[in-house]
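Inside the fold
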Amino acid sequence: MTLQMLLNQAVSLHREGRLTEAEPLYRQVLAQSPPNFQLQQRFAILLFQQQRPTDALAAVTAALAINPDAVEALTLKGILLAAAGRRDEALACFDRALQLKPGFADALHNRGLLLIQLGHLPDAVAAFDALLAQVPNSAEAWTNRGVALQELGRLPEALDSYDRALAFLPSHVQAWFNRGTALQAEGQFGPALESFDKALALMPRHFKAWQGRGSALMGLQRFEEAVESLDRALELAPGDPLALEQRTTALQTAKALKDPPTGENAANAWRERAALFHVAQCFPEALAAVEKALELEPDNSEALVRKAAVLCEMRRTAEGMDVYRHHAEVTLGDKPVTSEVDLAHK
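All values derive from a computational prediction rather than experimental measurement.

1. So, the overall build of the protein
Looking only at helices and strands, the protein features 19 helices and zero strands. Taken over C-alpha atoms, the radius of gyration comes to 28 Å for the protein, far larger than the 20 Å a tight globule of 346 residues would show. Dimensions of the protein along its principal axes, counting C-alpha atoms only, are 95 × 60 × 35 Å. Within the protein, the proportion of its 346 residues that are buried is 45%. Put simply, the protein shows about 18200 Å² of open surface, and 53% of that area lies on carbon and sulfur atoms. In the protein, which carries 34 positive and 43 negative side-chain charges, the distance between the mean positions of the two groups comes to 6 Å.

2. Here's the deal with the confidence of the model for the protein
For the protein, the mean per-residue pLDDT works out to 90, and 94% of the residues sit at or above 70. Ignoring residues within four places in sequence, the model shows residues 337–346, a span with pLDDT below 50, making six contacts including any to other chains.

3. Regarding unusual backbone geometry
For Q51, which is not glycine, the phi torsion reads 60 degrees and is therefore positive. Counting through the fold element by element, Q51 comes out in the loop between α3 (37–49) and α4 (53–66).

4. Describing helix α9 (residues 139–151)
With 13 residues, α9 extends 19 Å from end C-alpha to end C-alpha; this agrees with the ideal 18 Å at 1.5 Å per step. Of all 13 residues in α9, 11 are buried, a share of seventy percent or more. Where α9 is concerned, the buried positions are A139, A141, W142, T143, N144, R145, G146, V147, A148, L149 and Q150. Each element contacted by the buried residues of α9 is listed here: α7 (105–118), α8 (121–134), α10 (155–168) and α11 (173–185). Directly after α9, the chain includes G153, whose backbone phi takes a positive value near 80 degrees.

5. As for helix α5 (residues 71–83)
Over its 13 residues, α5 runs 19 Å from end to end, which matches the ideal 18 Å to within 8%, given 1.5 Å per residue. Counting buried residues in α5 gives 10 out of 13 residues, a clear majority hidden from the surface. Turning to α5, its buried residues are V71, A73, L74, T75, L76, K77, G78, L80, L81 and A82. Where α5 is buried, its residues contact α3, α4, α6 (87–100) and α7. Just beyond α5, the residue with positive phi is G85, at close to 85 degrees.

6. Brief notes about the packing of aromatic side chains
Applying the stated criterion across every chain, the model contains two aromatic pairs. Each ring, one from F177 and one from F196, has its centre 5.8 Å from the other, and the planes form 50 degrees; the classification is tilted. With F177 in helix α11 and F196 in helix α12 (residues 189–202), this residue pair connects regions lying 19 residues apart in the sequence.

7. Some thoughts on a nonpolar patch on the surface
On the surface, V305, M321 and Y324 cluster together into a nonpolar patch covering about 220 Å² of accessible area. Its place among the elements puts V305 in helix α18 (residues 301–313). Judged by its relative accessible area of 33%, V305 falls in the partly exposed class.

8. Side note on the side chain of N144
Among the secondary structure elements, N144 is positioned in helix α9. With a relative accessible area of 11%, N144 lands in the buried category. A polar atom in the side chain of N144 sits 3.1 Å from the side chain of H109. Filtering out sequence-adjacent residues up to four positions away, N144 remains in contact with H109, L113, I116 and F128.

9. Some points on the packing of α9 against α11
Interaxial distance between α9 and α11 falls to 10 Å at its minimum, and their mutual angle equals 20 degrees. By the angle between their directions, the pair α9 and α11 is classed as roughly parallel. Crossing handedness for the pair α9 and α11: left-handed. Only Q174, A175, N178, T181 and A182 of α11 make contact with α9, whose side of the interface consists of T143, V147 and Q150. Within the contact of α9 with α11, the residues separate by chemical class into three nonpolar, five polar and no charged.

What counts, and where the lines are drawn
- Residues numbered from 1 in each chain as written.
- Predicted model: local features only at pLDDT ≥ 70, side-chain atom pairs only at ≥ 80, totals over all residues.
- Heavy atoms only, no water.
- Helix = DSSP H or I, 4+ residues; strand = E, 2+ residues; numbered from the N terminus.
- Rg over C-alpha atoms; globule rule 2.2 N^0.38 Å.
- Buried < 20%, exposed > 50% of the residue type's maximum accessible area, 1.4 Å probe, protein only.
- Areas by Shrake-Rupley, 256 points an atom, 1.4 Å probe, with all protein chains shown as cover.
- Lys, Arg positive; Asp, Glu negative; His and termini not counted.
- Charge placed at Lys NZ, Arg CZ, Asp CG, Glu CD.
- pLDDT = per-residue confidence, 0-100.
- Contact = heavy atoms within 4.5 Å.
- Expected span 1.5 Å × (residues − 1).
- Phe/Tyr/Trp six-rings, centres within 6.5 Å; stacked < 30°, edge-to-face > 60°.
- Patch = residues over 30% accessible without salt bridge, like charges linked within 9 Å, V, L, I, M, F, W, Y side chains within 5 Å.
- Salt bridge = Lys/Arg side-chain N within 4 Å of Asp/Glu carboxyl O.
- Polar contact = N/O pair within 3.5 Å; in protein donor to acceptor, adjacent residues only side chain to side chain.
- Axes fitted to C-alpha atoms, helices over the stretch in contact; angles between N-to-C directions.
- Parallel < 35°, antiparallel > 145°, perpendicular 65-115°, else oblique.
- Left-handed = near helix turned anticlockwise from the far one by under 90°.
- Nonpolar A, V, L, I, M, F, W, Y, C, P; charged D, E, K, R; others polar.

Spelled out as structure tokens, the structure:
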């Protein structure tokens, strides 16, 4: 059989997905042929598809030694370097690919993902914007743009990106899940629950969606249902620390609700209840509980700090800062506390 016949057979097997059978034929042709970029790149792609990143990186590096300006090969090398944790080298590959072929979609997308990992979030948003200018119906790009915006704290824009992704691909599980986390961060627990349910309808074994669902139910004060969701999460990821902590909090909060604090230890019991509600992100309930504690012990340091923190998390920042100042005055005695800067002593 000639080398060309071997190559044709390897390519045919490769296209059929019969990777294990194609590999030795590629190796046989490579061993008997002069350096050939296309052949070396095909072999690198096969190794990548076999999830053998170290071998694939060596193969694509060999391909680029033959043709250093091959955009697709540069992009593949960037993907493999990023997976290996060599992020700066990966970014250089994507940048080189985009220098050679501005707007190359695969390079833009993977560059955006890498920039998120590096924490360069505004640059990541810009990369996805550039990609979406070319492929405006890419649900994956809209979703990842939302991730970068969410990590920047730009929640309304992130939600808009997730909604755009879902308009193009209603079955996009990660977009539904991310939408739930963004809504939950805004305190919109009901809509968040709906998003987690959508994700779970599409992927019933999505551990994080069960966990998110439990957290949303806690926010809605549906603690027994929250425990059930967190139990489902723990079936999929036994021993997960966060799910275990949330489950314990849900159980304790449910118990606290059934036993109104009275007697000599009422103030302490109200503070404990406020702490449970705070951890559960039930901020109005946490505020009500801590105010009950402060009715009994107006200058209690722990209760004042809790009230200030809860007010800030409810976005009532000015009120929260007033409570922090009052706490400082109580703690420091008669010395007034001010936010002004004494320039004469700088």
